[in-house]
Amino acid sequence: MNTDVALILLQDGLVSGAVYVLLATALVLVFSVTRVVFVPQGDLVAFTALTLSAFEAGQPPGTVWILIVAAAIALALDVIEAVRLRDRLHATRSLLRFGLVPTVIVMAALFLVPKTAPLAWKMAVSAALIACLGPLIYRIVFQPLAAASPLVLLIAAVAAHLGLSSIGLHVFGAEGVRTEGFSGAPFALFGMIVTPQAVGVLASSVTVVTALYVFFRFSLRGRALLAAAHNRRGAEIVGISTVAAGRTVFLLTGIAAAISGLLIGPTTTLYYDSGFLLGLKGFVGAIVGGMAVYPLAAAGALLVGTVEAFASFWASAYRDVIVFLVIIPVLFWRSVSTVAPEDGLE
Amino acid sequence: MTALLRIERFSVRYGRLLAVNDVSLEAHAGEVTAVIGPNGAGKTSLVNAIMGLIPFEGSLAFPAWPAAARSIEARIRARISLVPETRDLFGPMSVLDNLRLGAFALRSEVGFDMASRLTGVFKLFPRLAERREQRADTLSGGERQMLALGRALMLRPSFLMLDEPSLGLAPLIVAEMFRIIQRLKNDGVSILLIEQNARAALRISDRAYVLENGAVHLAGGASEIAADPRIIDAYLGGSMTAADDGRQRLSGRR
Amino acid sequence: MTRLIRFAPLLALVVAAASPVLLPVYQVEVITYVMIATIACLGLVLMTGIAGMVSFGQAAFVGLGAYVSGYLSTRLGCSAWIGLVGAVMTAGVVAGLIGAVTVRMSGHYLALTTLCFGISFYFLVGNSEMLGRFNGLTGIAPVSVGGFDLRSERQGYYLALVTIVLVMAWCRQLLASRTGRVLRSLRSGPAIAETFGANAYLYRLMAFVLAAVISSIAGWLYAHVQRFLSPTPFGLTASIDYLFMTVIGGSSQLWGALLGASLVTIIKHELQDLLKFVFGPTTRLELLVFAAIMIVVLQKARKGLWPLLEQRIAPKAAPTLDIEPMILPHRRPKPEHGLTVVTASHLERRFGGLVAVDDISFHVKSGEILGILGPNGAGKTTLFNLISGALSPSQGELSFLGAPLLRASARDMCRRGLSRTFQHAALVQDMTLLENVAIGATHLGRCGLFANSLRLDRTEERQLLGWSRHLLDRVGLADKAFELAGNLSLGHQRLLEIARALAADPVLLLLDEPAAGLRMNEKVALAELLAELRCEGLAIVLVEHDMDFVFRLADRLMVMNFGRRIAYGRPDDVRADSGVQEAYLGAAA
């Protein structure tokens, strides 16, 4: 292998690594607020690309149906709860949140995105559809499990992934898609050929991660989300609702997943079930950071991207094997160096 | 005297276990109401249910703020605050963040001024001001209790519930804690005080309830309760002097 | 009715044995598959439900067993029985190697690692020329018994039935034994096992290897019943299926594996047909239903469906074994009255910048109770952990019965004669009181996995359980011996902890706030018990908040504040000490 190839591989690795960074950051966020390892994050990424591609083909995306069904279930659960508690306010809020908002987005997706619409608008509607799924998944799957141990939540997350990919096949079909990317000719930078796509991915990833960091580090609302994670009861007695915190962070992770999907869509072919491995690689990055330390999680994600790029050059059939085997020593080191509380299944 | 809190036929259940059994109780404005009783009597369940943290049966009313009984958020907006037995601080966050979050629910109210509230708390607890950047989980036991109380005071509560504020503290700090409670009372805060330390609690309260096995065993003015022979026997009986008799009793049995 | 329930497994067996004759071939095949899946799930019950390690890679071990035996059969022409030995041994060795690294990890790390191995296995096999790549292996020989080949579906069914009965019986036997009790304690963390002399790491590894071996047996069965192998049934999806079956059925019980595997397999099969009819041949919507069932189970019945079913059919089927109380034949010789048991000199323990224990010296004699008093955060618990070996001191020396303690682990300390209780009662909730106490006696037994599995341990079991029964009598809980520890009140839990600590036959007993949460009469009973133990020559160290309790009971007292010893001596002297008055008790005393 000569330096040119190495540089190209490194660039590839950094670009996919940048997307994993975004995924890893979102996973760490979700985990630190709700103790959920959000495995379906990857599915949302793949669904974003599939949604955008449907818009590009001038068809209504299957995401619309997923959204309608999920919103109906969430609404039903909330209404049943509101009736039981005789809480009219709760019902009204829920009607707005899980009724009105999804309806507006679905209507926009069905009637306001002609084939000729500008790419940015298609991207925005795709992102809105996916982001909206985040809080719905939280309401249906995780909100009733709020008091469960992290391992139970992990199993629930895997179940949610299974469910999503099963609907994914149904509404998107088995064909893969590749979406339109940032246009423009490649240019040279410090002796490397750089594509605008690569620059766009890196810049977007850095922007989003920084924005999230600032929100959680400095705003009172961001601190409140973390407070809900540290101590549920403590949060409740100062008026921070842990349910609202969960919903907010799932909305954030939905947005992050949508952006990741828009970024990665043009660089690789995505299928309805591509999400799992994507999410897993983000997860590996996140866990390198001990599910808590953002810079380490980012470094871990970049490492995963780079290892993957080089592995696919040397032994593409074993690409994923190599990624996962290389990661085990890192896992071991993290596990031994962090004192995690023992968690059982109950 | 107006009642700030009135509960009637109030019960809390955990599965088959009846932790609080048919309790009726009132707390009045400007007073300290003490609930005393041994460990496991149901005191913490009672106060957590009043705050809205756990479900209960029976009636609960805050006559001065009719809306407050609806939800925990409504109680907080009515300036009802709880310092729980377990403190429940946000461990990895700084003292300052813990205090700021104490006023989280009020952040969008008109005329809300975070800085002046912080100054107020720091004035009461200069120790916290010194340690404002320190992580809450590195504080000593006494400082943690101060922070928990300080966080509750960020609301400028009109009704404050304190669950075992002296638990696990060195006696000197316990005395300090009770001085602060007295001071809050003088400033016009109405207080519901849950304590095992019956002697100290009765000294600063106006009315008292003795809880045993989840039910009210005795109720009345604090001074009457403190003078009741049954209470003296069970809770106030010279904790130190009686120890010698007990010891002799035990060694006699050997 | 109860009689009927006792014979239910036998009845089920008869039905199972008769059904292939009555059912059509297709259904016989489905049930055979259910049984194979059940065996794999039994492995997961041991690992996940019993020992508390979640595995997302169990199908890889099923595949390992299948491929080893398949390879031996197709390429080397070995018989299926040699294949079985090969499969079990390979799985044991591979799991031993992988487990040696992974079982040190906790929670997510372990789950993710198993997932990584699971995925890697699939790709490795799929890319291996030797194993036929993604096309797989064909023409695997059937199992042959006495020269007779088991070829047909019905014969395969009986083979699976015999295997499942054997594996189930073995697991039951194992879990009821000394080894099993330690395994069952692991789910609540390694502390219990370590405190009573068992190496938690080795037991976790044992659970991991056993799970792999059992799964490989399922794989062997699959290979020789199906007689064709491809990587797909051993991929990640299959691993997730096995885990979900186990959790849906009830991961902490053996019967849960059977229930889960049956329900999931049958629902999936039936649903698949229906959905294909409605939505066309490519649909995988049955997975959505499967996922939904899983989520609802987690939300509404986290322990799985078997416990619910069990409650329905047999609400109180507590075993009433006849266990005679007995004193252990070989008890540890008690040191004579007044002999120094522990000496600590100038102990110090730092955590980063914080000095939790600062220059503490004391000693305890046999037949004596030393009370330790102090506010929260005074360093009492740290001191406790130093004595019990859970932590090692930064500076200073400790000696036990005259021998210096250098980096002695909790395990060593148990063997040397130290026993303890925990501040927050650490009991195994779903084990009976008797079994919980018997964990305390773990280090007094000798029988291991082998003897336990083959029932060569009866004499020893009778002794250990009899001894436990005797101790339950002593603390006054004998009438509840077969109730579950999780149903006890806090006060009784504390007593149970003391019985368990005594089961280790200690010389020194460390009690961490034993009176916290007790009612007045319970405190009196506890004080009586402790006074009695003192008479028998036990040395006792007692950390307590309740000053009355300590002042009444202790022979000597140590008062701590900010990690330092501020007073040390007889209770009267300590109370009179001006330093204590000022710094700790305040003017009120």
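Not measured: the values here are computed from a predicted model. (Residues numbered from 1 in each chain as written. Chains lettered and ligands numbered in written order. Predicted model: local features only at pLDDT ≥ 70, side-chain atom pairs only at ≥ 80, totals over all residues. Heavy atoms only, no water.)

Caption draft 1: Representation of the domain arrangement of chain C. Residue and element names in this part refer to chain C. What the domain assignment reports for chain C is domain 1 (24-313) and domain 2 (340-585). Computed over C-alpha atoms only, the centres of domain 1 and domain 2 are separated by 41 Å. In this complex, domain 1 contributes 24 residues to the contact, which on the side of domain 2 involves 34 residues. The junction of domain 1 with domain 2 conceals about 2400 Å² of combined surface from both sides, 57% of it contributed by carbon and sulfur atoms. Broken down residue by residue, the surface that domain 1 buries against domain 2 is led by Arg178, Arg181 and Phe196, which jointly contribute 35%. In this structure, the connection of domain 1 to domain 2 is made through four salt bridges. As a salt-bridge pair, Glu435 and Arg184 come within 3.1 Å of each other at their nearest N and O atoms. For the interface between domain 1 and domain 2, the tally reads eight residue pairs in polar contact (both at pLDDT 80 or more). Counting residues per element, the ones that place at least two in the side of domain 1 that touches domain 2 are α7 (153-175), α8 (178-185), α9 (191-195) and α10 (200-226). (Domains from an automatic or database assignment. Contact = heavy atoms within 4.5 Å. Buried area = accessible area lost by both parts, 1.4 Å probe. Salt bridge = Lys/Arg side-chain N within 4 Å of Asp/Glu carboxyl O. Polar contact = N/O pair within 3.5 Å; in protein donor to acceptor, adjacent residues only side chain to side chain. Helix = DSSP H or I, 4+ residues; strand = E, 2+ residues; numbered from the N terminus.)

Caption draft 2: Summary view of helix α6 (residues 141-153) of chain B. For α6 of chain B, spanning 13 residues, the distance from its first C-alpha to its last is 18 Å, which sits close to the expected 18 Å at 1.5 Å a residue. Burial within α6 of chain B is extensive, with eleven of its 13 residues counted as buried. (Expected span 1.5 Å × (residues − 1). Buried < 20%, exposed > 50% of the residue type's maximum accessible area, 1.4 Å probe, protein only.)

Caption draft 3: Here's a closer look at the sheet that holds strand β2 (residues 17-28) of chain B. All names here are of chain B. Spatial strand order, β2-β1-β4: three strands in an open sheet with antiparallel pairing. Two strands lie at the open edges of the sheet, namely β2 and β4 (57-61), each paired on one side alone. Geometrically, the sheet is characterised by an average inter-axis angle of 10° between neighbouring strands, direction not taken into account. Looking at chain direction, strand β1 (residues 3-14) and β2 are connected through eight bridges and run antiparallel. By the bridge assignment, Tyr14 is partnered in β2 with Leu17. Lying on the sheet, helix α1 (residues 43-51) is in contact with β1, β2 and β4; it crosses β1 at an angle near 115°. (Pairing = 2+ DSSP bridges. Axes fitted to C-alpha atoms, helices over the stretch in contact; angles between N-to-C directions.)

Caption draft 4: A look at the interface of chain A and chain B. The interface is formed by 18 residues belonging to chain A together with 23 residues belonging to chain B. Each partner contributes to the roughly 1900 Å² buried at the junction of chain A and chain B, and carbon and sulfur atoms together form 65% of this total. Where chain A meets chain B, there are one salt bridge. Of the charged contacts in the structure, one is a salt bridge between Asp97 of chain B and Arg223 of chain A, with a shortest N-O distance of 2.9 Å. Scanning the region where chain A abuts chain B turns up three residue pairs in polar contact (both at pLDDT 80 or more). The element best represented in the side of chain A that touches chain B is helix α8 (residues 220-230) of chain A, accounting for seven residues. Looking at side-chain class alone, the side of chain A that touches chain B contains nine nonpolar, five polar and four charged residues. (Nonpolar A, V, L, I, M, F, W, Y, C, P; charged D, E, K, R; others polar.)

Caption draft 5: Structural view of the packing of aromatic side chains. All names here are of chain C. Under the criterion given, the structure shown has 16 aromatic pairs over all chains. On the basis of an interplanar angle of 40° and a centroid distance of 5.7 Å, the ring pair of Trp81 and Trp220 is categorised as tilted. Taken together, the residues Trp81 in helix α5 (residues 80-102) and Trp220 in helix α10 connect sequence positions 139 residues apart. Residue class for Trp220 comes out buried when judged on its relative accessible area of 2%. (Phe/Tyr/Trp six-rings, centres within 6.5 Å; stacked < 30°, edge-to-face > 60°.)

Caption draft 6: Local environment of the interface of chain A and chain C. Taken together, the contacts link 49 residues of chain A with 48 residues of chain C. For the pairing of chain A and chain C, the buried interface totals around 4300 Å² over both sides, and the portion due to carbon and sulfur atoms is 78%. Our enumeration of links across chain A and chain C arrives at four residue pairs in polar contact (both at pLDDT 80 or more). Those elements that provide at least two residues to the side of chain A that touches chain C are α5 (119-142), α6 (150-172), α11 (275-288) and α13 (319-337) of chain A. For the side of chain A that touches chain C, a count of residues per class yields 37 nonpolar, seven polar and five charged.

Caption draft 7: How the structure looks around the pattern of salt bridges. Residues and elements named next belong to chain A. Evaluated as defined, the whole model comprises 31 salt bridges over all chains. Put simply, Arg139 and Asp78 hold a salt bridge, and the shortest N to O gap is 2.6 Å. With Arg139 in helix α5 and Asp78 in helix α3 (residues 63-85), this residue pair connects regions lying 61 residues apart in the sequence. Assessed through its relative accessible area of 5%, Arg139 is described here as buried. The exposure class assigned to Asp78 is buried, which follows from its relative accessible area of 2%.

Caption draft 8: Looking closely at the environment of Leu44 of chain C. All names here are of chain C. Along the chain, Leu44 turns up in helix α3 (residues 25-50). Put simply, Leu44 and Gln58 are 14 residues apart on the chain and 7.3 Å apart in space, counted from C-alpha to C-alpha. Beyond its immediate sequence surroundings of up to four residues, Leu44 is in contact with Gly49, Ser55, Gln58, Tyr242, Leu243 and Thr246.

Caption draft 9: Looking closely at the sheet that holds strand β9 (residues 403-404) of chain C. Residues and elements named next belong to chain C. Pairing in this open sheet of four strands is antiparallel, and the strands run β6-β5-β8-β9 from one edge to the other. Edge positions in the open sheet fall to β6 (354-365) and β9, since each of these has one partner strand only. Where strand β5 (residues 340-351) and strand β8 (residues 395-400) come together, five bridges link them in antiparallel fashion. Its bridge partner lying in β8, Ser345 is registered against Glu397.

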